[in-house]
Amino acid sequence: MIGLVDCNNFYASCERSFNPALDGKPVIVLSNNDGNVVARSAEAKAIGIKMAQPVFQIRELIEAHDVRVFSSNYTLYGDMSARVMATLGRFVEDVEVYSIDEAFLDFSCYERQIGREEPADLVTLARQIRATVAQWTRIPVSIGIAPTKTLAKVANWLAKRDPACGGVRMLATEEQIHQALAGFDIAELWGIGHRYTARLRREGVRTALQYSRIPDDWLRDNLTVNGLRLAYELRGTPCRLLELESPAKKAICAAPSFSRPVGDLATMSQALATHLARASEKLRKQGSAASCVTVFLNTNRFRKSPNGELAKQYSNSQSVLLPHPSASSLELNHYAQAALKAIFRFGYFYQKVGVLLSGLVPTDHRQPGLFTDLPDERLAKLSAAVDRVNQRHGRDRVRLAAQGYDRTWAMRQEWLSRRYTTRWGEILFAK
DNA sequence: TCTGGGGTCCTAGGACCC
DNA sequence: TCTGGGGTCCTAGGACCC
């Protein structure tokens, strides 16, 4: 059996973890730039705040219900996630960290111990896991248990919404699975988005049970091999195995929006250098070098001109193949800036400039070009030293000159909480 | 005033190879 | 009149995930 542990309202729960005064209050967390709602406590959902809703649309609701609003604090959420995952690792050897707030657990070690006659013991175990995570992190979780990952997802969805479950739901017998799928909307299935939902509804398919009975050929032809795998998983045949080693990323992207419209090349250039510094830090952290740099930019598709019409739009991108794979901020920025100059047009107000590093290869397996050498080893040492300094003393303490010191374009974070767990200066004091 | 960011996988079709 | 068979690689576009 496979367990899926999913943190409830994760970002909102993280904010609560170190601030008990928020218990029982509606709490929301906003996207980068304080734009949209990306997490809601149960109380916030109850008063009708929708996922991904722009925050300016719910000003009155926030006022009326004293909603506590937070900017995204990824430093805190990332660290809290690591704590939750480490807690899960105390119970089960094989944990697949699937996302910042979800993990699959392999329960087969327990099943071998207890044999087949006592399936309910997994529910008891899951309750223990739940209680321990709550005690150690103050993060509430729901746990679904079933024979396949997809069915565990279904079980988890039910565990979250049915108060009678107490946060744990197991689908073990054929009858339990059958009954759960018969009442389960295809729109909630893992791997069925809004396009496929519409397509399937036109075919008269509404429930997961109906989906599991669609002929294989139709699924293969219309929903690709993934749609077919989904059906197999619903029928109880595992097609998605636990991935215990997280594979290296194939592309790394950094493209946060500006806090305000930006029209000048100098500011765009500083923002690009800053995004590139973020992306190349990630690149070095996973031990990769990039062989291609892509720069892209776009205007704001919602922006209106003074006369009320949509402002004129422009977006473009350019990719540069490097003479050799590189992980040096200095070198990557050199090519990125050239690409920016090539696509930048005066007369527009831009919403963002972004960078994508791709063609990633392991740094120690780089192949030199036929007519070029590998980059100077000193560049790699320099990057490593800069990363160490910044890790210890704070982001961008040592930076590319091209990044500049003007941060007026940087994203809004009006309601940022403290980094309780990762900065000595922001640690919580108990009176 | 104000509308997110960062990823993965699959497929069809075109170009190419012997 | 008659024009093969079996492949690989790349890309754009579309779908999905959290």
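Rules of the game
- Residues numbered from 1 in each chain as written.
- Chains lettered and ligands numbered in written order.
- Predicted model: local features only at pLDDT ≥ 70, side-chain atom pairs only at ≥ 80, totals over all residues.
- Heavy atoms only, no water.
- Near = heavy atom within 4 Å.
- Polar contact = N/O pair within 3.5 Å; in protein donor to acceptor, adjacent residues only side chain to side chain.
- Helix = DSSP H or I, 4+ residues; strand = E, 2+ residues; numbered from the N terminus.
- Nonpolar A, V, L, I, M, F, W, Y, C, P; charged D, E, K, R; others polar.
- Pairing = 2+ DSSP bridges.
- Axes fitted to C-alpha atoms, helices over the stretch in contact; angles between N-to-C directions.
- Contact = heavy atoms within 4.5 Å.
- Buried < 20%, exposed > 50% of the residue type's maximum accessible area, 1.4 Å probe, protein only.
- Patch = residues over 30% accessible without salt bridge, like charges linked within 9 Å, V, L, I, M, F, W, Y side chains within 5 Å.
- Areas by Shrake-Rupley, 256 points an atom, 1.4 Å probe, with all protein chains shown as cover.
- Salt bridge = Lys/Arg side-chain N within 4 Å of Asp/Glu carboxyl O.
- Expected span 1.5 Å × (residues − 1).

Novice: Talk me through the protein's contact with DNA strand C; I want residue IDs and the actual numbers.
Specialist: Near DNA strand C lie 13 residues; those nearest to it are Ser 99, Lys 153, Gly 191, Gly 193 and Tyr 196. Per the 4 Å cut-off to the protein, sugar and phosphate atoms form 100% of the nearby atoms of DNA strand C. Within the side chain of Asp 101, one N or O atom sits 3.0 Å away from a sugar or linking oxygen of DNA strand C. Between a sugar or linking oxygen of DNA strand C and a side-chain N or O atom of Glu 102, the distance comes to 3.4 Å. Elements represented by at least two residues in the surface near DNA strand C include exactly strand E5 (95–99) and helix H9 (194–202). Counting residues per element, the surface near DNA strand C draws most heavily on H9, at 3 residues. Of the residues belonging to the surface near DNA strand C, the class tally is 5 nonpolar, 4 polar and 4 charged.

Novice: Provide a residue-level description of the sheet that holds strand E4 (residues 68–70), including the pertinent values.
Specialist: A sheet is described by the order of its strands in space; here 3 strands give the open sequence E3-E2-E4, paired in mixed fashion. Two strands lie at the open edges of the sheet, namely strand E3 (37–40) and E4, each paired on one side alone. Here the average twist between neighbouring strands, direction ignored, is 25 degrees. As judged from the 3 bridges shared by strand E2 (residues 27–30) and E3, these two strands associate in the antiparallel manner. In the strand pairing of E3, Ile 28 is matched with Arg 40. Packed on one face of the sheet, helix H1 (residues 10–17) meets E2, E3 and E4 and runs near 115 degrees to E2.

Novice: Any details on the side chain of Asn 33? Residues and values, ideally.
Specialist: With respect to the helices, strands and loops of the structure, Asn 33 is situated in the loop between E2 and E3. Reaching out from Asn 33, the side chain makes a polar contact with the backbone oxygen of Phe 258 at a distance of 2.7 Å. With residues near it in sequence (within four places) discarded, Asn 33 still touches Ser 257, Phe 258, Ser 259, Met 411 and Arg 412.

Novice: Hey, could you go over the pairing of strand E12 (residues 350–358) for me, with residue numbers and the actual values?
Specialist: E12 sits mainly inside the fold: 7 of its 9 residues count as buried. In terms of strand pairing, strand E9 (residues 251–254) meets E12 through 4 bridges, oriented antiparallel. Opposite Ile 252, over in E12, you have Leu 357 as the bridge partner. One ladder, built from 8 bridges, connects strand E10 (residues 288–299) with E12; its direction is antiparallel. Its bridge partner lying in E12, Leu 297 is registered against Val 353.

Novice: Got a sec to walk through a nonpolar patch on the surface? Specific residues and values, please.
Specialist: Taken together, the side chains of Trp 424, Ile 427 and Phe 429 present a nonpolar region at the surface, about 450 Å² in accessible area. Looking at where Ile 427 falls in the secondary structure, it is placed in the segment after helix H14 (377–393). With relative accessibility at 31%, the residue Ile 427 sits in the partly exposed group.

Novice: How would you explain H14 if you had to name every residue and give the values?
Specialist: Across its 17 residues, H14 extends 25 Å between first and last C-alpha, which sits within 8% of the 24 Å expected from 1.5 Å per residue. Just downstream of H14, Gly 394 is the residue with a positive phi angle, here 115 degrees.

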